[in-house]
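Chain and residue survey
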Amino acid sequence: MSFIALLNLATLLVYGIAIVLIVKNLVHRPSYRGEGAFVLILAIIPCYVSISNVFEHGFFIDYFDDYEGFFKDLYAMFFLIYLYVHSVKKEQTQRIEHERQIKSDFKLKTKLLTEIHHRVNNNLQIISGLLAMQVESENDIKLTTSLGLIQNRIMAIASVHKIIYGSPNLLYVDLNLIFDSILGNLKNTYINKENNVELYEKIEEGLEMDLDRAIPMGLILNELVSNSFRHAFMNRNHGKIIVNLGKTINQFVLVVKDDGNGIDNSILDGKGMGLSLVRNLVKQLRGTMEIKKENGATVEIKFPILNESQIHI
């Protein structure tokens, strides 16, 4: 037997070992089967050429030579297919890894934002507590009233942050939760045995607002309702405040109404701090405000549902 025949026998042995290893990997590694099937074919096809050479140079039988060209072309075709499959799989693996990294980054960003809102809420609660302690230590009614107003504003902001970090959605917040929290705090502040003012609320279900407008919305609500409690029922200990929030096709509509004494003209002229703050916040929301003085006071605020400058995470 010639050297070429022996060399091809050795090559067949190497191919055989390679085929065994490839089959072993195909059995134990399911993820390798798609790409590995082509590797197995690429290991089997050259065996024909080696067998043909063994017969030709070892036994002088050239019967298999007629098909060597076909198998070489077949090998080239499967090799090109293998390269294509390999490149596709590589791109797919990179895409999966990229998506995994995006999800991981988003999860981390969400946790960081949640933690920020949680810490802001805690800090605002501390400030509110300090103000409450200061109110208790002061004998000046005017000063304690001012500190109480500031405390309520801080609590309104804190309420929004508390709702945000407790919500699974960091882009939008439920307005029902905000209104319940702020109005609950105002009830605790102003309603007592000596003050029988009733507070009614009617908030349309399912209303959500983007985060960068939620705090101005909360402050507006706090100012309007606290103004009604403080100014609408002078020299009387009973009355009614009604808060409505709904929407039209493209606008939120907030109405705060009381059956008190109406709004003083000096406040309408912009001299009152509370109403001036409300006007600035409404302007920030790109909204409009209308004040009516019949049978008490009614403030109607409209602003777009769609925020053109919405924040993105």
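From a predicted model like this one, the values you see are computed outputs, not experimental measurements. (Residues numbered from 1 in each chain as written. Predicted model: local features only at pLDDT ≥ 70, side-chain atom pairs only at ≥ 80, totals over all residues. Heavy atoms only, no water.)

**Some details on the overall build of the protein**
The condition that has to hold: For the purposes of this entry, the term helix denotes a DSSP run of H or I that reaches at least four residues, the term strand denotes a run of E that reaches at least two, and both are numbered from the N terminus. Remark: exposure states derive from per-residue accessible area (1.4 Å probe, protein chains only) relative to the maximum for the residue type, with buried under 20%, exposed over 50%, and partly exposed in between. The method behind every accessible area is Shrake-Rupley, applied with a 1.4 Å probe, and residues are considered shielded solely by the protein chains displayed.
Broken down by element type, the protein carries 8 helices and 7 strands. Counting across all 313 residues of the protein, residues that qualify as buried make up 36%. Carbon and sulfur atoms form 59% of the exposed surface of the protein, whose accessible area is close to 19,000 Å².

**Focus on the nonpolar core**
Short version of the rule: Residue types Ala, Val, Leu, Ile, Met, Phe, Trp, Tyr and Cys, when buried and joined through side-chain atoms within 4.5 Å, form a set referred to as a nonpolar core. Whether two residues touch is decided by their heavy atoms; if any such pair falls within 4.5 Å, the residues are in contact.
Judged by nonpolar contacts, the single largest core of 42 residues is most densely connected at Ile178, Phe179, Ile220, Val225, Val243, Leu254 and Ile301. Going through the elements one at a time, helix H4 (141–165), helix H5 (175–190), strand E2 (196–203), helix H6 (211–231), strand E4 (238–247), strand E5 (251–258), helix H8 (273–284) and strand E7 (297–304) are the ones with two or more residues in this core. Not counting residues up to four positions away in its chain, the partners in contact with isoleucine 178 are Val160, Ile163, Val173, Ala214 and Gly218.

**Here we look at unusual backbone geometry**
Phi is positive for arginine 286, which is not a glycine, with a value near 60 degrees. Within the secondary structure, arginine 286 sits in the loop between H8 and strand E6 (288–292).

**Regarding the pairing of E6**
Quick note on the threshold: Two strands form a pair only when DSSP identifies at least two bridges running between them.
Direction of pairing for E6 relative to E7: antiparallel, over a ladder of 5 bridges. Along E7, the bridge assignment pairs lysine 292 with threonine 298. Between E6 and E7, which follow one another and run antiparallel, lie 4 residues, and asparagine 295 among them has a positive phi close to 55 degrees.

**Considerations on the pattern of salt bridges**
When charged atoms on two side chains of opposite charge get close, those side chains can pair. This is how it is decided: When a carboxyl oxygen of Asp or Glu is within 4 Å of a side-chain nitrogen of Lys or Arg, the pair counts as a salt bridge.
Throughout the structure, instances matching the rule amount to 5 salt bridges. Linking glutamate 97 and arginine 100 is a salt bridge whose minimum nitrogen-to-oxygen distance equals 2.7 Å. A residue pair is termed a helical-turn pair when its members lie 3 or 4 positions apart in one helix, as glutamate 97 and arginine 100 do in helix H3 (residues 68–137) at 3 residues. Its relative accessible area of 41% is what places glutamate 97 among the partly exposed residues. For arginine 100, a relative accessible area of 44% puts it in the partly exposed group. The closest approach of N and O atoms between lysine 302 and glutamate 300, which form a salt bridge, is 3.9 Å. The exposure class of lysine 302 is partly exposed, given its relative accessible area of 30%. Assessed through its relative accessible area of 23%, glutamate 300 is described here as partly exposed.

**Some points on the packing of H4 against H5**
Basically, it comes down to this: In this description, a line fitted to the C-alpha atoms serves as the axis of each element, helices being fitted only across the stretch in contact, and the angle between N-to-C directions of two axes falls anywhere from 0 to 180 degrees. With respect to orientation, any angle under 35 degrees is reported as roughly parallel, any angle over 145 as roughly antiparallel, any angle of 65 to 115 as roughly perpendicular, and every other angle as oblique. Take the far helix as your reference; a near helix turned counterclockwise from it by less than a right angle gives a left-handed crossing, and one turned clockwise gives a right-handed crossing. Under this grouping Gly is polar, as are all residues other than the nonpolar Ala, Val, Leu, Ile, Met, Phe, Trp, Tyr, Cys and Pro and the charged Asp, Glu, Lys and Arg.
Where H4 contacts H5, the two axes come as close as 9 Å, and the packing angle between them is 150 degrees. Our classification of the angle between H4 and H5 gives roughly antiparallel. When the axes of H4 and H5 are compared, the crossing they make is right-handed. Facing Leu149, Asn152, Met155, Ala156, Ser159, Val160 and Ile163 of H4, the residues of H5 in contact are Leu177, Ile178, Ser181, Ile182, Asn185, Leu186, Thr189 and Tyr190. In terms of residue class, the contact of H4 with H5 is built from 10 nonpolar, 5 polar and no charged.

**A few points about the UniProt feature "transmembrane region" (unreviewed entry) in the protein**
How we decide: UniProt positions are given in the numbering used here, feature names are shortened, and annotations may be inferred rather than shown by experiment.
UniProt tags residues 6–24, 36–55 and 67–85 as "transmembrane region" (unreviewed entry). Taken as a whole, residues 6–24 contains 100% helix and 0% strand, while its terminal C-alpha atoms sit 27 Å from one another. In residues 36–55, the share of helix is 100% and the share of strand is 0%. The end C-alpha atoms are 30 Å apart.

**Overview of H6**
Heads up, the condition is: Multiplying 1.5 Å by the helix residue count minus one yields the expected span of that helix.
The end-to-end C-alpha distance of H6 is 31 Å, a good match for the 30 Å that 21 residues give at a rise of 1.5 Å each. Counting buried residues in H6 gives 17 out of 21 residues, a clear majority hidden from the surface.

**Digging into the environment of tyrosine 82**
Positionally, tyrosine 82 belongs in helix H3. Accessibility expressed as a relative area gives 19% for tyrosine 82, which makes it buried. Separated by 40 residues in the primary sequence, tyrosine 82 and leucine 42 have C-alpha atoms spaced 8.7 Å apart. In this view, tyrosine 82 contacts Glu35, Phe38, Val39 and Leu42; residues no more than four positions away in its chain are not counted.

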